[in-house]
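The primary structure of each chain is shown beneath.
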Amino acid sequence: MREGIIWLIGGYLLIINGIGFVLMGLDKRRARKGTWRIREKTLFLTAAAGGSIGSLCGMKVFHHKTKHKSFVIGIPAILFMQCAAAGAVYWLAGR
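Quick caveat, the model's predicted, so the values are computed rather than measured. (Residues numbered from 1 in each chain as written. Predicted model: local features only at pLDDT ≥ 70, side-chain atom pairs only at ≥ 80, totals over all residues. Heavy atoms only, no water.)

## Here's the deal with the nonpolar core
Grouped together as the largest cluster of nonpolar side chains are eleven residues: L23, M24, I38, L43, A47, L56, M59, F71, I75, I78 and L79. Taken together, the elements giving at least two residues each to this core come down to α1 (2-33), α2 (40-62) and α3 (69-93). Residues contacting M59, with those up to four places away along its chain left out, are M24, H64, K65, T66, F71, V72 and I75. (Core = buried A, V, L, I, M, F, W, Y, C linked by side-chain atoms within 4.5 Å. Buried < 20%, exposed > 50% of the residue type's maximum accessible area, 1.4 Å probe, protein only. Helix = DSSP H or I, 4+ residues; strand = E, 2+ residues; numbered from the N terminus. Contact = heavy atoms within 4.5 Å.)

## Brief notes about the packing of aromatic side chains
Tallying each qualifying case throughout the model produces two aromatic pairs. When the centroid spacing of 5.0 Å and the interplanar angle of 45° are considered together, the rings of F21 and F62 count as tilted. On the criterion of sequence distance, the pair formed by F21 in helix α1 and F62 in helix α2 is long-range, its members being 41 residues apart. Measuring from ring centre to ring centre gives 4.3 Å for F44 and F71, while their planes differ by 25°; the resulting arrangement is stacked. Placement of the pair is F44 in helix α2 and F71 in helix α3, with a sequence separation of 27 residues. (Phe/Tyr/Trp six-rings, centres within 6.5 Å; stacked < 30°, edge-to-face > 60°.)

## So, α1
In a regular helix each residue adds 1.5 Å, so 32 residues correspond to 46 Å; α1 covers 47 Å between its end C-alpha atoms and thus fits that length. Among the residues making up α1, those that are buried are I16, N17, G20, L23, M24, G25, D27 and K28. Close packing links the buried residues of α1 with α2 and α3. After α1 finishes, the residue G34 shows a positive phi value of roughly 75°. (Expected span 1.5 Å × (residues − 1).)

## Regarding unusual backbone geometry
Despite not being glycine, H63 has its phi angle at roughly 50°, a positive value. Mapped onto the secondary structure, H63 falls in the loop between α2 and α3. For K65, which is not glycine, the phi torsion reads 65° and is therefore positive. Along the chain, the position of K65 falls in the loop between α2 and α3.

## Here we look at a nonpolar patch on the surface
Side chains of M1, I5, I9, Y12 and L13 sit close together on the surface and give an oily, nonpolar patch of about 550 Å² of accessible area. Summarising the element assignment, Y12 is placed in helix α1. For Y12, a relative accessible area of 42% corresponds to the partly exposed category. (Patch = residues over 30% accessible without salt bridge, like charges linked within 9 Å, V, L, I, M, F, W, Y side chains within 5 Å. Areas by Shrake-Rupley, 256 points an atom, 1.4 Å probe, with all protein chains shown as cover. Salt bridge = Lys/Arg side-chain N within 4 Å of Asp/Glu carboxyl O.)

Below, the structure written as structure tokens:
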């Protein structure tokens, strides 16, 4: 049972991080073309839903939102909090 949960969480994280990465690339493409953009709220919610690594990688690869302090500070802060929460869960599960 425990293994199944780990696979489920791992699969979810893989998908949501892929979505975060793709959204950054898509928004960068739309910014260059001057077309409809993805809301910043959506980008942050994707990161907060577990896609912070993918969003951060997308920022770096596509050079997108790298001049916006809210993203330069916010996305790594979300990642830090998620890592801290995961560490706390891991530590508490070991007790």
